[in-house]
Structure formats: structure tokens, C-alpha cells
Protein chains: 2
Amino acid sequence: MADATEHPEVESEELKGLDSRRVEAIREAVEARDTARLSELMEPLHAADIADVLEQISSGERRDLVQMWSGKIDGEILSEIDESIREEVVDYLPRNVLAEAVRELDTDDVVDILEDLEEPEKEFILDALEDADRVAVEQAMSYPEYSAGRLMQRETVAAPEDWTVGQAIDFLRAAETLPDQFYHVILVDPRMKPVGNVTLGRVLSSKRATKMRDIAEEMFRTIHATEEESEVAYLFNQYHLISAPVVDESDRLVGVITIDDAMAVLDEEHEEDILRLAGVGEGSLSDNWIETTKQRFPWLFVNLLTAILASGVISLFEGTISRIVALAVLMPIVASQGGNAATQGLAVAVRALATKSLTESNVWRVIWREIAQGVANGVLFAAVIGVITYFWFGQPLIGLVIGAAMIINMFAAALAGLLIPLGLERMGFDPALASGAFVTTVTDVVGFFSFLWLAGLVLL
Amino acid sequence: MADATEHPEVESEELKGLDSRRVEAIREAVEARDTARLSELMEPLHAADIADVLEQISSGERRDLVQMWSGKIDGEILSEIDESIREEVVDYLPRNVLAEAVRELDTDDVVDILEDLEEPEKEFILDALEDADRVAVEQAMSYPEYSAGRLMQRETVAAPEDWTVGQAIDFLRAAETLPDQFYHVILVDPRMKPVGNVTLGRVLSSKRATKMRDIAEEMFRTIHATEEESEVAYLFNQYHLISAPVVDESDRLVGVITIDDAMAVLDEEHEEDILRLAGVGEGSLSDNWIETTKQRFPWLFVNLLTAILASGVISLFEGTISRIVALAVLMPIVASQGGNAATQGLAVAVRALATKSLTESNVWRVIWREIAQGVANGVLFAAVIGVITYFWFGQPLIGLVIGAAMIINMFAAALAGLLIPLGLERMGFDPALASGAFVTTVTDVVGFFSFLWLAGLVLL
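1. Some words on the overall build of chain A
Here is step 1 of the chain: What chain A contains, in helices and strands, is 21 helices and eight strands.
Here is step 2 of the chain: What you see for chain A is a C-alpha radius of gyration of 29 Å, clearly larger than the 23 Å of a compact globule of 460 residues, by over 25%.
Here is step 3 of the chain: With the C-alpha coordinates of chain A rotated into their principal frame, the extents come out at 90 × 60 × 40 Å.
Here is step 4 of the chain: Put simply, chain A has 460 residues, and 53% of those count as buried.
Here is step 5 of the chain: The long-range fraction of contacts in chain A, counting pairs at least 24 apart against all pairs at least 6 apart in sequence, stands at 72%.

Here you go:
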């Protein structure tokens, strides 16, 4: 975020993006210990791309690169690095470089870095900060994790509500330090309660004598410091906010959150949704295989238990299967079709809950829609698979049985795909935890049971 | 986006959010035809929340509400409405209200609305615009769909690169119309090529005599009008851009994209990823059940075909199953475990491709990691299920067989979960199209085949 202000004398230059040829060249320079070449390749890159380089190379290359180039690793690069490798990079850095790096950051970025570090590094970084910054960071850390208080920057640009545009401009010109990025002048009452936002564009385009309060945005929103960051991201996305003042429990201004931070949170929330739906604890491509194995194991274990449960259902009908082996051939079709239908409904429901478009106002209509669509697709696929089965096995009755089981299971799938995430949400859990493994248990059990039980009834 | 400027005399008021009690009250007011009550409930809401109300109520209520309140449906509300119901709302609106609504919008929002409408409405809206706006909108529509040219707003704030801060401020004060939201003054050379960005904060905090070029941001990025919007969203997220100038093929400034638009695209891309991974064509909660049935049918049909393929594999081993029915009980465990493992890898790969953290530089390391993790989890679960099976069926050999099949299938799952999305990406498709149905075909076929084939070999 601090890309604008450090070298104002430099003329703007077009940003070089990252491509894999450059990464290859960097790896070669590291292997050849060619510091000059390495600098030449790294210098034109944006901090975010440097962080990507560090993520994409192997762990050994990472160590060598950081050691060869450590003087250039600054706070901005540190705050861009994915949390899964940040601790590793921090460990490789000489202490003085680390201290220098964190001192130049805004407090919200320092907080973000501290959150993922172990105690000794945390202590070291806090000690490296100037007194005022350390106090600010410690105050921010006193807010709950994933709250607006952790996300906000404490540097705000505020003005008394009765100021004129001229007063505000003079104040800004005289200010010794201003945040790297700010988009509003926040109007506050004498108790420091925010009462309005004036966009910088309006300040710039208004006459000096204009009252600030007369050009304030028509509506504005304050955010409580204890608000969850996912809610903050929702508010920014919903109301197209660019920055919003953060207040404490007595409604006093304590900080400001800007849209780039909200966008990063939105992106993380999405990552969490996609990975949780697929039953992955936390995923990062720079992890090694042991970490990856550990991350994937828990949900696979849950899935194993549910698969065994489904097998238990099948074993109830061993007698039936031993007399008609075709049932063993056909039964996965019913279960698989139900599983897929449930996964579809699950994804739609999780997404709708995340965007708050599934609420008490429309939940019954949505339940009804899911049931209707489940039965409709059930009937369609019952017809298709019934006919196919009839021609495959030459028995009309087995076609009837699989069709009936299909309808039953698609109905179960519709309910499970919607009600399980809804129930999790009501109980205060993340609905995306209703990952495949969970929901498909229902469709496996219902699918195997309904098919084999009907078959036993009709065919034997 | 146009929330600031229309009524500058109004004091800021705290924004009222939407809760389901308010939606209920609105529905009651609509049912009772109580226009006064409806206005009272709707007035305090932000356009985005009004759009949400329209999405959450039933189709009949929507028609009644729009007819009772049509005078108040403005451009901002129209541009917030989800595309799945926008055409419906546009149809209910009196023509003069519609014309009024679109006239007040920025050109990028008009383009966004036009994209989803049918020809007669399109024509009507284009005709309703002022000449200059119509030309601007038609030019924007000449860019490919989902391109930066469609996303950008054409109203830019640019200044010659040799201006001073004072000149820029005087220019802004004198300007008759300025965009509703802008965050940079774009510096251009005499050929209108953007050469730098100055943040409004820097303009405000610098002396009048300061040269604009001396306070330009150190790095900046221009975006080509034909760039895909998903790439635009990536750039904003990666480089924390707030706004970026858009240029045509001769590098001349033609528009500007702001972060709120990029955030909306990022959100849409995520929605697409989640829904595609789950095999849903396009999902919206306000769709009726017939639409929903149609949306879900195609991937369910693909899944049916792949499920039949898996059944075909099982049918090769009917003889084996008829002699050992326990195999029918156990075989879904191997397939299910492989399917889940593949889904995990798939989600991680799709996410990594979307964030460009899976590249040529690390693809071999990631392939190796996935294989290692697949075999490792395969061995772990082989041991677990082997022992369970031994105790369940009292036969050590069947435990061995299921363990071996588990390792083979987890290995196949690791490869399929990564290589299928990678292959799709290489061929220019969206890797998220490698939805469950696709990838689990591999694990079903490999799972059933390896287990039944090994069982035939070892147990008979």
C-alpha cells in the first residue's frame, strides 16, 4: 500500500508484471549466486509480484534468495507474502532488516504480519517499532481476531463538521504526516463522533468558502470496531464504499477501513468457501507434501466414516444382491446422481447465504423451489435411467425400481443440499462446512437404501 | 455509485440496513396496497438494499411493488438489480420512468444494464439517452463482452503532465461536470497517452506551485480496453489499485476503471468458480423452479453418463461379485474416498490457477506434492480400512485387496484433481469446468476397477 510516497522524485514507470520466464531467470540467478543479475531481475517488480516469486520457488531457493537479497526485503513485501511462508521468510531475515521493514509500515499491516508469527518474533517486532506505533499496534491487537479493529488503519483524516473547504485544504497542506492512501475527509462532532464523509473529489472541486458539511456524502456508514471482517467486506461490496470510519463502543472515531483491505478480505472469504466446500482445511501451493497430507486427512477421515455407514446400509441387503447381481452394478448410479444434485444445491445455498440473498423472507420459497426442482429432475432422470436399464438388463421391473429410487434420492438431495447449510448457519457455523462429505452421506444412504429395499420388495 | 452528489444540501444520515422484518413489512404493505406505508419503508433504504428486496420477494409481489412505487425506481436501483430479474423489472416500468432512470447513470452502468436486455428494450434505452451519452454507450458496446472497455467509465479526470497543483485545482473547481467518484488525476502527454497518476490526497496536501509530475505515484498501470475483465479484477487485487486508466490500441486514454467495479467482477468470478465446481450452470435464488431445473439438468446428465460408465466397469466383474457379495458392500468406499480426495485437489488447483499462484515455475513441484500427498493419505487410509475390513469380514486377504485398491485410487485422485483442471486451462477453458462430475469419473472407474480386479485375482 505504501507505493506512492517514498520516492516522489522518481517519474512514474509502467509496472512490470510477472511471467514464468522471469521466475525461471530468477531461479537461475539464485542457483548461480549471481547477486547483480538477481537485483536486475527483482528491482522492476512490484512488492506483490516479489511475494509471488517467493511463493512459487522451492523452499531451498527461497532461503538462498532471501539471504542474497535480504537488504531489499521491505515492509511492503513482507505484508504481501502469503501467511503460509511468512514465518519462514521472517526467520531468514537479519534482525536489523526486519526491524527496518516493519517500521515503515502502516499499523494495520504490522498487525496483519504479527497475527501469524510466533511469540519471539512478535516481541522482537513490537520492540522494533516506535513507541506511538507500538501502542497503536497493541491496541489493535486487543480487538478480537478477524474484527474491524484489526483490519482498520488508525491514521485517519478528520475535520470538525463546521470547517470550510479552505480550512480543510490548509490543514492538509500543513499536516506533517498523512496516511499513504485516503479517500475521504471524515467530519466529526466535538466528541469525535463521525457525522459525515466528504470525498476528496468534492473537496477539490468546491470553492474555499464552501462548508464541508454541505458537500458531505448523502449517506454514510460507520463500522463498529468489533464488527466481523466478513461483515465489513459485505458492507463494502454491497454499498460500494471506498472507505468507512471505524468507531469504538462510545461511537468515537478510532480508525478507518479502506476498500483495498475489504477486497482482500472478500477474496479470503471466497477462498475459504471454495476450500471448505471441497473439504480442505486450508490450502496453499507452497506447502510441502507432509503439510498437505495433514490438511487433507481430517475430511477424508470423516468421509471414510460416512462411506462405511453407506456400506453398512448395503450390507443389510447382501441377500438381495447375491440373488440379483445387477443391483450391485446399478446401485452407484442412484447414489452418484443424488450426490451431484445435492452438491449443486449446496453450492447455490452457500453462495446465497454469503451474499445474504437467502433470508427468512424467502427461505420457504427457496425450499419449495429446491424440492420442486429435485422432483422434476428426479422424474426426468428416472425416465432416462429406467429406459436404459430396461434395455440393458431386459427387465421392465428393474427399470421401474431404479426410477423410483432416483426420484426418492433426488428429493432427499434437494432437501439435504439446502437444509444442512441452513441448519449450520442457524447454529452459528460456517455453512460451507457442509462440505461434500457431509451432504453426500445423506444421498448415499438414501440412494442405496431406497434402491435395494425397493428391489427386494418388487423383484424377489 | 451516484450516491453522493444529487442532494448536497441534505445532511448525512446513517444508512439503514436491510433486515427480514423490514422485508416482511414491505410485503404486507404491498399486499395491502398501502402506498404511503410502502414509501415510508422503502425511502430510508440504499439502492443496493432496494434491489435485494426486489430479489427476495416473489415474482407476483415484485410486479405489484414496482407498479405501486415505479416513480421511485431510479437508475441506481436498476443497476443494482441482479441480472436474472432485471429484464422483468424493466418490463414493469412505465417508459418515461425507465428513460429518466437511465439518463442519470454513468455510461458504464448503462452498458451494464443494456448487456442483459432484449433488442426492443435496448433500442428504447439508447434512444432515451442524450446524444453524447448514446455515442459513448455505443462505443463501449463495440468492445468485446467481459472486456475492460465495457467495464470502464468514459468520464475521466486528466491533466497535462506539466501542470502544477494550482492549475489542477483551478481546473477541477471550474469543471462543469465531474465523475461521481474519482480518485486520481491522470497525467497525460500531448498525445493523450497516460504517463502517471496523482492521488487526490497528494493534490490536496501539496503546495499550489508543486509540479503534478513530481507528486505522481511511483508506479502505475494502464489497462488495454480489450483486456478481459477477470484480468482487470486480478490486477486491482494484486496491486491494490484504486483506479486505473484504460487506453485504446494507440495507447490513448479512453476511460478509467475504479476499484468498486473491479471488486464486483472479482465477486462474480468467485460465484462462477463455486457454481461451476459444483456443476451448476448459473444460479440465482430468485429463479423459479422450472428455470432451476433447466440450469441443473445439463451437468446432472453428464454425471449420469459417467455413472453409467462406472456401472459398466462394475458389470465386467459380475461373476466375481456373485461369488463374494462382500465386494458389493465394500466397493463404494474405495470410489467415494477417491472422489473426495480428487475434489479436494481440484478445489485447491482451481483456486491456485485463479490467483496465478500455479504457474510453469512450480507446476512440477505441485504435481509431485499432490502425488506424494495422494500416496501418503492412500497408505494411511489403506491401513485404516484394511484393518476395519479384516475385523468386519474376518478375512485378511479382503483387507489387503481393499487397502491396495485404496492406494491406487488415491494416487489416481491426486493426478486427476490436478491434471484435469490444468489441462482445461491449457486448452483455454475455465478450469472450474472440471467440476465434480468430471473428475470423479476417473476415481469411480479406477476405484471400482482396481478393487474388483484385484479381488478377482487374489480371492478367487
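2. Concerning the packing of helix H15 (residues 259-277) of chain A against helix H18 (residues 326-354) of chain B
Here is step 1 of the chain: Two elements in contact, H15 of chain A and H18 of chain B, have axes whose closest approach is 8 Å; the angle formed by their N-to-C orientations is 155°. Between H15 of chain A and H18 of chain B, the angle falls in the class roughly antiparallel. As for the relative orientation of H15 of chain A and H18 of chain B, their crossing is right-handed in sense. Only Ala347, Val348 and Arg351 of chain B of H18 of chain B make contact with H15 of chain A, whose side of the interface consists of Glu271, Ile274 and Leu275 of chain A.
Here is step 2 of the chain: Per-class residue counts for the contact of H15 of chain A with H18 of chain B are four nonpolar, no polar and two charged.

3. Regarding helix H7 (residues 95-103) of chain B
Residue and element names in this part refer to chain B.
Here is step 1 of the chain: Taken together, the buried positions of H7 are occupied by Leu98, Ala101 and Val102. All buried residues of H7 lie within an arc of 90° about the axis, which places them on one face of the element.
Here is step 2 of the chain: Buried residues along H7 sit against helix H5 (75-80), helix H6 (83-92), helix H8 (107-115) and helix H9 (119-128).

4. Describing the domain arrangement of chain A
Here is step 1 of the chain: Each assigned domain of chain A is listed with its residue range as follows: domain 1 (20-142), domain 2 (158-277) and domain 3 (289-459).
Here is step 2 of the chain: Taking the mean C-alpha position of each, domain 1 of chain A and domain 2 of chain A sit 29 Å from one another.

5. Things to note about the sheet that holds strand E2 (residues 158-160) of chain A
Strand pairing in a sheet is mediated by backbone hydrogen bonds. Such pairs are either parallel or antiparallel.
Residue and element names in this part refer to chain A.
Here is step 1 of the chain: Strand order in the open sheet formed by three strands is E2-E3-E4, and the pairing between neighbours is mixed. Both edges of this open sheet fall to E2 and strand E4 (194-199), since each of them pairs with a single strand only. Within this sheet the neighbouring strands show an average axis-to-axis angle of 35°, counted without direction.
Here is step 2 of the chain: The pairing of E2 with strand E3 (residues 184-188) spans three bridges and is parallel. Residue pairing for E3: Ala158 is matched across the bridge by Ile186.

6. Concerning the interface of chain B and chain A
Here is step 1 of the chain: Contact residues are listed per partner, giving 122 residues for chain B and 122 residues for chain A.
Here is step 2 of the chain: By residue number, the principal contributor to the side of chain B that touches chain A is H18 of chain B, which donates 16 residues.
Here is step 3 of the chain: Taken together, the residues that form the side of chain B that touches chain A break down as 61 nonpolar, 37 polar and 24 charged.

7. Structural notes on the relation of the copies chain B and chain A
Put simply, the second copy of the chain is the first one after a rotation about an axis and a shift along it.
Here is step 1 of the chain: When chain B is fitted onto chain A, the two copies agree to an RMSD of 0.0 Å after a turn of 180° and an axial shift of 0.0 Å. Overall, the copies show the geometry of a two-fold rotation axis.

8. Quick notes on the nonpolar core
Here is step 1 of the chain: Among the nonpolar cores identified, the biggest contains 154 residues, and Val232 and Ile257 of chain A together with Val232 and Ile257 of chain B are the most heavily contacted of them.
Here is step 2 of the chain: Setting aside chain neighbours within four positions, we find Val232 of chain B in contact with Ala148, Leu151, Ile223, Glu227, Ile257, Ala262 and Val265 of chain B.
Here is step 3 of the chain: Among the nonpolar cores identified, the runner-up in size contains 134 residues, and Leu300, Ala414, Leu418 and Val442 of chain A belong to it.

9. Focus on helix H21 (residues 436-459) of chain B
Here is step 1 of the chain: In a regular helix each residue adds 1.5 Å, so 24 residues correspond to 34 Å; H21 of chain B covers 33 Å between its end C-alpha atoms and thus fits that length.
Here is step 2 of the chain: With 18 of 24 residues buried, H21 of chain B is to be regarded as a mostly interior element.

10. Topic: the pairing of strand E3 (residues 184-188) of chain B
All names here are of chain B.
Here is step 1 of the chain: Where burial is concerned, most of E3 is hidden: four out of the five residues are buried.
Here is step 2 of the chain: For the crossover from strand E2 (residues 158-160) across helix H12 (residues 165-174) to E3, the handedness is right-handed.
Here is step 3 of the chain: Strand direction decides the pairing type here: E3 and strand E4 (residues 194-199), joined by five bridges, are antiparallel. Pairing of Leu187 across the sheet is with Gly196, part of E4.
Here is step 4 of the chain: Turn length for the E3-E4 hairpin, with the two strands adjacent in sequence and antiparallel, is five residues, and the turn residue Met192 shows positive phi of about 70°.

11. Thoughts on the packing of H18 of chain B against H21 of chain B
Residue and element names in this part refer to chain B.
Here is step 1 of the chain: Interhelical geometry of H18 versus H21 gives an angle of 145° and a closest axis separation of 8 Å. For the pair H18 and H21, the sense of crossing is right-handed. For the pair H18 and H21, the contacting residues are Leu327, Met331, Val334, Ala335, Gly338, Gly339, Ala342, Thr343 and Leu346 in the first and Gly436, Val439, Thr440, Val442, Thr443, Asp444, Val446, Gly447, Phe448, Phe451, Leu452 and Ala455 in the second.
Here is step 2 of the chain: Its residues placed into classes, the contact of H18 with H21 shows 13 nonpolar, seven polar and one charged.

12. A closer look at the sheet that holds strand E6 (residues 223-224) of chain A
Residues and elements named next belong to chain A.
Here is step 1 of the chain: Read across the open sheet, the three strands follow the order E6-E7-E8; overall the sheet is mixed. Two strands lie at the open edges of the sheet, namely E6 and strand E8 (253-258), each paired on one side alone.
Here is step 2 of the chain: Bridging between E6 and strand E7 (residues 243-247) involves two bridges; their strand directions are parallel. Across the sheet, the residue bridging to His224 is Val247, located in E7.
Here is step 3 of the chain: Packing of H15 onto the sheet brings it into contact with E7 and E8, and relative to E8 it is tilted by some 65°.

13. What to know about the confidence of the model for chain A
Here is step 1 of the chain: Residues with a pLDDT of 70 or more make up 95% of chain A, whose mean pLDDT is 90.
Here is step 2 of the chain: Contacts of residues 1-12 of chain A to residues separated by more than four positions or lying in other chains number 31 contacts, the stretch itself having pLDDT below 50.

14. Comments concerning unusual backbone geometry
Here is step 1 of the chain: With phi around 50°, His240 of chain A is a residue other than glycine that occupies positive phi space.
Here is step 2 of the chain: Within the chain, Lys356 of chain B stands out as a residue other than glycine whose phi angle is a positive 55°.
Here is step 3 of the chain: Overall, Lys356 of chain B belongs to the partly exposed group, with 16 C-beta atoms counted inside 10 Å.

15. Concerning the pairing of E7 of chain A
Residues and elements named next belong to chain A.
Here is step 1 of the chain: The buried fraction of E7 is high, at five of five residues.
Here is step 2 of the chain: Burial along E7 is two-sided: Ser243, Pro245 and Val247 and Ala244 and Val246, pointing in opposite directions, are all buried.
Here is step 3 of the chain: Looking at chain direction, E7 and E8 are connected through five bridges and run antiparallel. The residue of E8 that forms the bridge with Pro245 is Val256.

16. Details of the environment of Tyr146 of chain A
Residue and element names in this part refer to chain A.
Here is step 1 of the chain: Looking at the element boundaries, Tyr146 is found in the loop between helix H10 (131-141) and helix H11 (148-151).
Here is step 2 of the chain: Sequence-wise, Tyr146 and Glu228 are 82 residues apart; in three dimensions their C-alpha atoms are separated by 5.9 Å.
Here is step 3 of the chain: Setting aside its immediate chain neighbours within four residues, Tyr146 contacts Glu228 and Glu229.

About the cut-offs
- Residues numbered from 1 in each chain as written.
- Chains lettered and ligands numbered in written order.
- Predicted model: local features only at pLDDT ≥ 70, side-chain atom pairs only at ≥ 80, totals over all residues.
- Helix = DSSP H or I, 4+ residues; strand = E, 2+ residues; numbered from the N terminus.
- Rg over C-alpha atoms; globule rule 2.2 N^0.38 Å.
- Buried ≥ 20, exposed ≤ 12 C-beta atoms within 10 Å, placed from the backbone.
- Contact = placed C-beta atoms within 7 Å.
- Axes fitted to C-alpha atoms, helices over the stretch in contact; angles between N-to-C directions.
- Parallel < 35°, antiparallel > 145°, perpendicular 65-115°, else oblique.
- Left-handed = near helix turned anticlockwise from the far one by under 90°.
- Nonpolar A, V, L, I, M, F, W, Y, C, P; charged D, E, K, R; others polar.
- Arc of directions from axis to C-beta.
- Domains from an automatic or database assignment.
- Pairing = 2+ DSSP bridges.
- Least-squares fit on C-alpha atoms with pLDDT ≥ 70 in both.
- Core = buried A, V, L, I, M, F, W, Y, C linked by C-beta atoms within 7 Å.
- Expected span 1.5 Å × (residues − 1).
- Right-handed = clockwise from strand over helix to strand, strands pointing away.
- pLDDT = per-residue confidence, 0-100.

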